[in-house]
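Coordinates in review
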Amino acid sequence: MESIIECLEANPIIAALPHTELLQQALHSNVNVVFLLSGSILTLQDIVNELKDRGKKVFVHIDLIEGLGKDLAAVDYLRYRIQADGILSTKNNLLKYGKEIGLVTVQRLFLVDSRSFESGIKMVQSYDPDFVEVMPGIVPKAIAELKHKIPQPVIAGGMITSKQDIIQALGAGAVAVSTSKKELWEL
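The paragraphs below set out a description of the structure included in this document. Here the residue numbers are simple positions, counted from 1 along each chain's written sequence. Local features in this predicted model are restricted to residues whose pLDDT is 70 or higher, and side-chain atom pairs enter the listing and the counts only when it is 80 or higher, whereas totals over whole chains, interfaces and linings include all residues. Remark: hydrogens and water are excluded; side-chain values derive from all non-hydrogen atoms of the structure.

This part takes up the pattern of salt bridges. A pair is scored as a salt bridge if a Lys or Arg side-chain nitrogen falls within 4 Å of a carboxyl oxygen belonging to Asp or Glu. Taken as a whole and assessed by the stated rule, the structure comprises five salt bridges. Between Asp-85 and Lys-52 there is a salt bridge, with its nearest N and O atoms 3.0 Å apart. One end of the pair, Asp-85, is in the loop between helix H4 (72–82) and strand E4 (86–89); the other, Lys-52, is in helix H3 (residues 44–53), with 33 residues separating them in the sequence. The class of Asp-85 is buried, set by a relative accessible area of 18%. In DSSP terms, a helix is any run of H or I states spanning at least four residues, a strand is any run of E spanning at least two, and both are numbered starting from the N terminus. Each residue gets one of three labels from its accessible area relative to the maximum for its type: buried under 20%, exposed over 50%, partly exposed in between, using a 1.4 Å probe on protein chains only.

Right, let's talk about the sheet that holds strand E8 (residues 176–179) for a bit. The eight strands lie next to each other as E1-E2-E3-E4-E5-E6-E7-E8, forming a closed barrel whose pairing is parallel. With strand direction ignored, the average angle separating the axes of adjacent strands in the sheet is 25°. In the sheet, strand E7 (residues 154–157) pairs with E8 via three bridges, with the strands oriented parallel. By the bridge assignment for E8, Gly-157 is matched with Ser-178. Of the strands in this sheet, strand E5 (104–110) and strand E6 (131–135) touch helix H6 (residues 114–127), which is tilted by about 165° from E5. At least two bridges found by DSSP between two strands are what make those strands a pair. Each axis is a line fitted through C-alpha atoms, taken for helices only over the stretch in contact, and angles between the N-to-C directions span 0 to 180 degrees. Contact between two residues is taken to exist if any of their heavy atoms lie within 4.5 Å; hydrogens are not considered.

With that settled, consider the nonpolar core. Judged by nonpolar contacts, the single largest core of 51 residues is most densely connected at Leu-36, Val-60 and Leu-146. Ignoring anything within four residues of it in the chain, the contact list for Val-60 reads Leu-36, Leu-44, Val-48, Ile-65, Leu-78, Ala-84, Gly-86, Ile-87 and Leu-88. In this description, a nonpolar core means a group of buried Ala, Val, Leu, Ile, Met, Phe, Trp, Tyr and Cys residues linked to one another through side-chain atoms lying within 4.5 Å.

Quick look at the pairing of strand E2 (residues 33–36) now. Here E2 shows a buried face lined by Val-33 and Phe-35 and a second buried face lined by Val-34 and Leu-36. Here strand E1 (residues 13–17) runs beside E2; their pairing, made up of four bridges, is parallel. Along E2, the bridge assignment pairs Ala-15 with Val-34. Relative to strand E3 (residues 57–61), E2 runs parallel, the two sharing four bridges. For Leu-36, the partnering residue across the bridge sits in E3 and is Val-60.

In structure tokens form, the structure reads like this:
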């Protein structure tokens, strides 16, 4: 966990890969952390190995990988076979188990209204993920308020499309931002 924090302190931009066509750009970028948001169980090992060979920390979005079950066996697979550094999910049971077996966990929260904000806080408090990714990440007020209510580092993700979005999210208290805009990976 400390090495992930150190990576984000050195470079708070996270390369989010919604499709594997961005892999080469991520491999050659200065980002230290990559969120895999797509792919297949058939190619996952090769992609993770390539990224890790370049010194990148790799998080797999367990809900979005084709062919990967949404159960505890999938978490074991990512930890022990694929050797991912961490997982992202909206499913707290998968994250709770992932944390128990040594993965760094990122709870994705979609904040669409005050009710989702409050239920998100309760969910985070119930099992203590390592990070919370707020989506959309262009809501500095929600980021700042969430930072006051939970102890986990907050990552801003979703709809981050400009340097100004990054500055606002970091200024509101996010420890990092995840973006699929490769132009922003080198800031």
